[in-house]
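Fold and geometry: a report
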Amino acid sequence: MDTKQRFVLNREEIAKRHVYYFFKRVCDLLLSLVGIILLSPFFLIISVAVKLNDGGPVFYRQERVGLNGRYFKIFKFRSMHIDADKRLAELKAQNEVDGPMFKMKHDPRVTRVGRFLRKTSLDELPQLFNVLLGNMSLVGPRPPLPSEVLEYTEYDKQRLWVIPGITGLWQATVRNSVGFHEMVELDLKYIQKASLWFDFIILLKTVKVVFKPNDAY
């Protein structure tokens, strides 16, 4: 990807996409509700697997930053050991991506079951409840941690102008094969081109990733 490409967005124009946002919300509600119902057997199987792995909690709640910098709690299947957050500081020097985002391919905090869940993105399924609550969408930029946003430039903060998503252009394509700045460019490209059709294409790509994982870890 050309890292020199820059997307300077018009915030007023983005906020005025009322028709798109209305139908996007309708689709989010319907598809997330149907998804929760149809995927309930997988929720049960994954819950049992996570519990049997180490006896810890099945779900993990973490504070993230959403639309216009608002904080909310994200839901995920727990893929890391219980003390993972406390061990982050000691691993910071081994970060494998540039910028404020932390990624480590062989992160020792990830459980055996968690590696499979992350590779297939199945750990993200509980975020369907975030979609129902309205603090996330099916498609949108990855919701960052508050600590990451503290290091954002004004340019990076453009990705906070829309509701974050379970999946997005970055997640469904290159994922961890690129760094933070490339991820921002992909998110801004998505925001600039956003449409129901583009969302649909990204969802299809995401389904493909579940069966043929990309560089997720």
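Attention here is on the structure that accompanies the text. Every chain is numbered on its own, with residues counted from 1 as its sequence reads. For this predicted model, a pLDDT threshold of at least 70 governs which residues receive local features, and a threshold of 80 or more governs which side-chain atom pairs are given and counted, while totals over whole chains, interfaces and linings are taken from all residues. In computing side-chain values, all of the structure's heavy atoms are included and hydrogens and water are not.

Contact pair helix 3 (residues 40–54) / helix 5 (residues 112–120): the axes reach a minimum separation of 8 Å and the direction vectors enclose 145°. Counting all contacts with helix 3, which are made through Ile46, Ala49, Val50 and Asn53, the residues of helix 5 involved are Arg112, Val113 and Leu117. Whenever a helix is involved, its axis is fitted only over the stretch in contact; in every case the axis is a line through C-alpha atoms, and angles between N-to-C directions fall within 0 to 180 degrees. Only DSSP runs of H or I with at least four residues qualify as helices, and only runs of E with at least two residues qualify as strands; both kinds are numbered from the N terminus onward. The criterion used for residue contact is that any of the two residues' heavy atoms lie within 4.5 Å.

Moving on, we come to helix 3. Expected helix span is taken as 1.5 Å per residue step, with the number of steps being one fewer than the number of residues. Compared with an ideal rise of 1.5 Å per residue, which puts 15 residues at 21 Å, helix 3 spans 22 Å between its outermost C-alpha atoms and is within 8% of the ideal. Relative accessibility under 20% of the residue-type maximum defines a buried residue, over 50% an exposed one, and the middle range a partly exposed one, all with a 1.4 Å probe and only protein chains included. Those residues of helix 3 not exposed but buried are Phe43, Ile46, Ser47 and Val50. Mapping the buried residues of helix 3 onto a view down its axis gives an arc of 105°, with all of them on the same face. Facing away from the buried side of helix 3 by over 90 degrees, the exposed positions are Leu44, Ile45 and Leu52. In this structure, the buried side of helix 3 is in contact with strand 1 (59–65), strand 2 (71–77), helix 5 and helix 6 (127–133). The positive-phi residue at the C-terminal boundary of helix 3 is Gly55, with phi of around 80°. This arc is taken over the directions from the axis of the helix to the C-beta atoms.

Any two strands with at least two DSSP-identified bridges between them are counted as paired. Pairing between strand 1 and strand 2: seven bridges, direction antiparallel. In the strand pairing of strand 2, Arg61 is matched with Phe75. Count of turn residues in the strand 1/strand 2 antiparallel hairpin: five residues, of which Asn68 carries a positive phi of about 55°.

A pair is scored as a salt bridge if a Lys or Arg side-chain nitrogen falls within 4 Å of a carboxyl oxygen belonging to Asp or Glu. Applying the stated rule across the entire model yields nine salt bridges. Among the ionic pairs, Asp107 bridges to Arg109, the shortest N-O distance being 2.7 Å. Neither Asp107 nor Arg109 differs from the other in exposure class; each is buried. Note that Arg159 is salt-bridged to Asp187, the shortest N-O span being 2.6 Å. In this pair, Arg159 is assigned in the loop between helix 7 (146–149) and strand 4 (165–167) and Asp187 in helix 9 (residues 180–193), connecting sequence segments 28 residues apart. Just as Arg159 is buried, Asp187 falls in that class too. Here the salt bridges do not stand alone but share partners, grouping Lys76, Asp123 and Glu124 into one network.

Below, the discussion takes up the environment of Arg61. Within the secondary structure, Arg61 is located in strand 1. Using a relative accessible area of 53% as the deciding quantity, one classes Arg61 as exposed. Contact partners of Arg61, with chain neighbours within four places excluded, come to Lys73, Ile74 and Phe75.

So, about unusual backbone geometry. In this model, Asn68 sits at a positive phi of 55°, which is unusual for a non-glycine residue. According to the relative accessible area criterion, Asn68 is partly exposed, its value standing at 39%. If you check the backbone angles, Ser121 has positive phi at about 65° while not being a glycine. Checked against the element boundaries, Ser121 lands in the loop between helix 5 and helix 6.

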